[in-house]
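Residues per chain, in single letters:
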Amino acid sequence: MADIDTDTESDLELGKASIVYETATGDLERATVDNDRIAYFQDHWLFAYGNDEDGNSVVRRVPKERVRYVERSVEEIEETFESGIEKAKGKLEELRD
């Protein structure tokens, strides 16, 4: 399982993401995972935080209302924006041709 704690101060390693959320009991938890192991989908944050005894990925779904914040490394965000810009440029070039 990934490192999960309630510390709200962190220095993220490159390629990592942290999510701080409220549990069902009202406590705050922090999960730190690889950037590619966290996503926002259908009003929930999803993150893979380990494997079960059979080797299957374990995913936690947290409703957006219970998430306090999500942190990601700056380089990952820049890469995501750059990728989106490159895709948009490609589509504009296709439309011009």
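Residues numbered from 1 in each chain as written. Predicted model: local features only at pLDDT ≥ 70, side-chain atom pairs only at ≥ 80, totals over all residues. Heavy atoms only, no water.

Chemist: Mind showing me how you'd approach the packing of aromatic side chains here?
Modeler: Between two aromatic rings, the relevant description is the distance of the centres plus the angle of the planes. Under the criterion given, the structure shown has two aromatic pairs. Look at Tyr-21 and Phe-47: their rings are 5.7 Å apart centre to centre, the planes differ by 50°, and that puts the pair in the tilted class. With a gap of 26 residues between them, Tyr-21 in strand S2 (residues 16-22) and Phe-47 in strand S5 (residues 44-51) connect regions that are remote in the sequence. Both residues of the pair, Tyr-21 and Phe-47, count as buried. (Phe/Tyr/Trp six-rings, centres within 6.5 Å; stacked < 30°, edge-to-face > 60°. Helix = DSSP H or I, 4+ residues; strand = E, 2+ residues; numbered from the N terminus. Buried < 20%, exposed > 50% of the residue type's maximum accessible area, 1.4 Å probe, protein only.)

Chemist: Explain the environment of Arg-68 to me, please; I cannot follow it from the model alone.
Modeler: Within the element layout of this structure, Arg-68 appears in strand S7 (residues 67-72). Aside from chain neighbours lying at most four places away, what touches Arg-68 is Val-20, Tyr-21, Glu-22 and Leu-28. Among the polar contacts made by the side chain of Arg-68, one reaches the side chain of Glu-22 at a distance of 3.5 Å. (Contact = heavy atoms within 4.5 Å. Polar contact = N/O pair within 3.5 Å; in protein donor to acceptor, adjacent residues only side chain to side chain.)

Chemist: When you look at unusual backbone geometry in this model, what are you seeing that I'm missing?
Modeler: What is expected of a backbone is that most residues other than glycine have negative phi and most peptide bonds are trans. With a phi angle near 50°, Gln-42 is a residue other than glycine that sits in the positive phi range. When you line up the elements, Gln-42 lands in the loop between strand S4 (38-41) and S5. One non-glycine residue, Asp-43, lies in the positive phi region at around 60°. For Asp-43, the position within the fold is in the loop between S4 and S5. The exposure class of Asp-43 is partly exposed, given its relative accessible area of 42%.

Chemist: Could you clarify how one ought to interpret the side chain of Thr-23 in this entry?
Modeler: You can see Thr-23 is positioned in the loop between S2 and strand S3 (28-34). The class of Thr-23 is buried, set by a relative accessible area of 13%.

Chemist: What should I look at first to understand the pairing of strand S6 (residues 57-63) in this one?
Modeler: Pairing of S5 with S6 involves seven bridges; the strand directions are antiparallel. Its bridge partner lying in S6, Leu-46 is registered against Arg-61. Taken together, S5 and the strand that follows it, S6, pair antiparallel across an intervening segment of five residues, in which Gly-55 is found at a positive phi of about 90°. (Pairing = 2+ DSSP bridges.)

Chemist: Can you help me understand the nonpolar core in this one?
Modeler: The nonpolar side chains of a soluble globular protein tend to be buried, and buried together. Counting residues in each nonpolar core, the largest one holds 12 residues, listed as Ala-17, Ile-19, Tyr-21, Ala-31, Val-33, Ile-38, Trp-45, Phe-47, Tyr-49, Val-58, Val-62 and Val-67. Those elements that place two or more of their residues in this core are S2, S3, S5 and S6. (Core = buried A, V, L, I, M, F, W, Y, C linked by side-chain atoms within 4.5 Å.)

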